[in-house]
Amino acid sequence: MYTFLELCGAWGRSSIFLLSGMDTRLGPANSFLCVNLDGLEKGKTGGVRMKRTLGIAVMILAGFFLSATVLVPLPAGAAPITLKFSDPSPDGQCRTIAYKKWGDWLEERTGNQIKFEWYWAQSLAKARDNVDATRGGLADMSTNSSFGYHKSLFPVWQFSELLFIGPADHGAHAWTVKELYETIPVLREELDKSGLKIIGIVGAHATHFMSRKPIRKLEDLKGLRVRAFGPMGDWLKSVGAAPVGLTIYETYEAMQKGTVDATQTYMYINVPYKLHEVSKFAILPGIQNITVSMFMNKDVWEKLPKDVKDVFEKEAWTKLCEMGVKGYDDDYDKSAAALKAHGVEFIEVPRAEMARWKKSAEEPVIDKWLDNMKKMGVDGQMILDKYEEVYKKYER
């Protein structure tokens, strides 16, 4: 970005003219600010007034410069900083497509000072291991597919995946948790203490069940072996099911062999992981928002140029939400249609029955988390109340 400030006569004899000659790829292009000092009534203190006005104008311009993200183009011949990014999902899935678009935008936005090197499908680290792989430096950045994978590291953030809080709208969820991160100190503090730099959070399609057996009422869950973890596992155990602690990436084989009867899952991954081949039923609606977080190694973060950090801090999370929400939106109907085309029966649990499910989750899930927060000295109820309040603002 190249800027200059000059006193010029092109727009009146006494003008302050600011031109921002910024490449259109990098933000507001060719923007300018002009303060015309011509024709000011001097009165009895004309000279003093002119000086004061000039001083005010200069302060305005200084504020403009300080608030802008000034990007230094990569010197000719210099290599960009390569960021190794680990994500457990396969290439071509809606999340990885959205991430690549976001990465392309970010590379361009930073003047190509960074370059992403993508490692999909657990090729660098397993889903549960991404957090440790990033903290230890194997990956520079990674996806944490669920806070439920790391209950001891992120106990407060488990709120974001509690069952039956807010209707299951991944877009509203993404924007809500972003606002809560920005406004509730304990949420920021927990992520800061993790030894990782948070880059952003998005919401995935809400959790629903794919099953080899029909699930129409609460009692149908009793005795089922269900691939589940986190709050979902706690709830299923309380209603007589047997939660099995596998990742989604291990689920196809388990269902194929019959070692599990059903799995918690998300619409966008059913076909990529071939769950339609080992399931007969899709149980809806979704009952749990899932929270997908993106982290960077702190040492890598500290070594980034300041202007690149500014883009990450001021713009990257918002852009990630925009692209992520759109990607999941575009995928949902397509994925649902693909399941139906393969003969999967959709079971819509009636509202009255769903109310029973929600009531049954209060003690083993909601109350359990609130009790844990009380022991930690955290006002958990405030977080839940704030979530519900903010969620309504973004609900679609």
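Let me begin by describing the structure that accompanies this report. (Residues numbered from 1 in each chain as written. Predicted model: local features only at pLDDT ≥ 70, side-chain atom pairs only at ≥ 80, totals over all residues. Heavy atoms only, no water.)

Description of the pattern of salt bridges
One pass over the full model with this rule turns up 24 salt bridges. Among the ionic pairs, Arg109 bridges to Glu315, the shortest N-O distance being 2.7 Å. Of this pair, Arg109 sits in helix H2 (residues 94-109) while Glu315 sits in helix H10 (residues 306-341), and the two are 206 residues apart along the sequence. Here Arg356 and Glu353 are joined by a salt bridge, their closest N and O atoms 3.0 Å apart. Here Arg356 pairs with Glu353, and both are found in helix H11 (residues 351-376), just 3 residues apart, close to one helical turn. Connected via shared salt-bridge partners are Lys151, Asp234 and Lys368. (Salt bridge = Lys/Arg side-chain N within 4 Å of Asp/Glu carboxyl O. Helix = DSSP H or I, 4+ residues; strand = E, 2+ residues; numbered from the N terminus.)

Some words on the packing of helix H4 (residues 170-183) against helix H5 (residues 185-192)
Put simply, H4 and H5 touch, their axes get as near as 5 Å, and they point 90° apart. One way to sum up the angle between H4 and H5 is to call them roughly perpendicular. Contact residues: H4 offers Leu180, Tyr181, Glu182 and Thr183, while H5 offers Pro185, Leu187, Arg188, Leu191 and Asp192. Taken together, the residues of the contact of H4 with H5 sort by class into 5 nonpolar, 1 polar and 3 charged. (Axes fitted to C-alpha atoms, helices over the stretch in contact; angles between N-to-C directions. Parallel < 35°, antiparallel > 145°, perpendicular 65-115°, else oblique. Contact = heavy atoms within 4.5 Å. Nonpolar A, V, L, I, M, F, W, Y, C, P; charged D, E, K, R; others polar.)

Remarks on the packing of aromatic side chains
What the rule picks out here adds up to 21 aromatic pairs. Residues Tyr181 and Trp317 carry aromatic rings whose centres are separated by 5.0 Å and whose planes lie at 45° to one another, so their mutual orientation is tilted. Of this pair, Tyr181 sits in helix H4 while Trp317 sits in helix H10; the two residues are 136 residues apart in sequence, bridging distant segments of the chain. Here Tyr181 falls in the buried class, since its relative accessible area comes to 13%. Judged by its relative accessible area of 8%, Trp317 falls in the buried class. Ring plane angle 25° and centroid distance 6.3 Å describe the contact between Tyr266 and Tyr268, whose orientation is recorded as stacked. An aromatic cluster of at least three residues, connected via ring pairs, comprises Phe147, Phe154, Trp157, Phe159, Phe295, Trp369, Tyr387 and Tyr391. Cation over ring: Lys197 sits above Trp301, and NZ or CZ is 4.7 Å from the ring centre. Against the face of Phe346 rests Lys340, its NZ or CZ located 4.8 Å from the ring centre. (Phe/Tyr/Trp six-rings, centres within 6.5 Å; stacked < 30°, edge-to-face > 60°. Buried < 20%, exposed > 50% of the residue type's maximum accessible area, 1.4 Å probe, protein only. Lys NZ or Arg CZ within 6 Å of the ring centre and 35° of its normal.)

Some details on the side chain of Asn289
Residue placement: Asn289 occurs in strand S11 (residues 281-297). Of note is the side chain of Asn289, whose polar atom sits 3.4 Å from the side chain of Tyr387. In this view, Asn289 contacts Ser160, Glu161, Ile165, Gly166, Pro167, Ala168, Asp169, His170, His173, Tyr387 and Tyr391; residues no more than four positions away in its chain are not counted. (Polar contact = N/O pair within 3.5 Å; in protein donor to acceptor, adjacent residues only side chain to side chain.)

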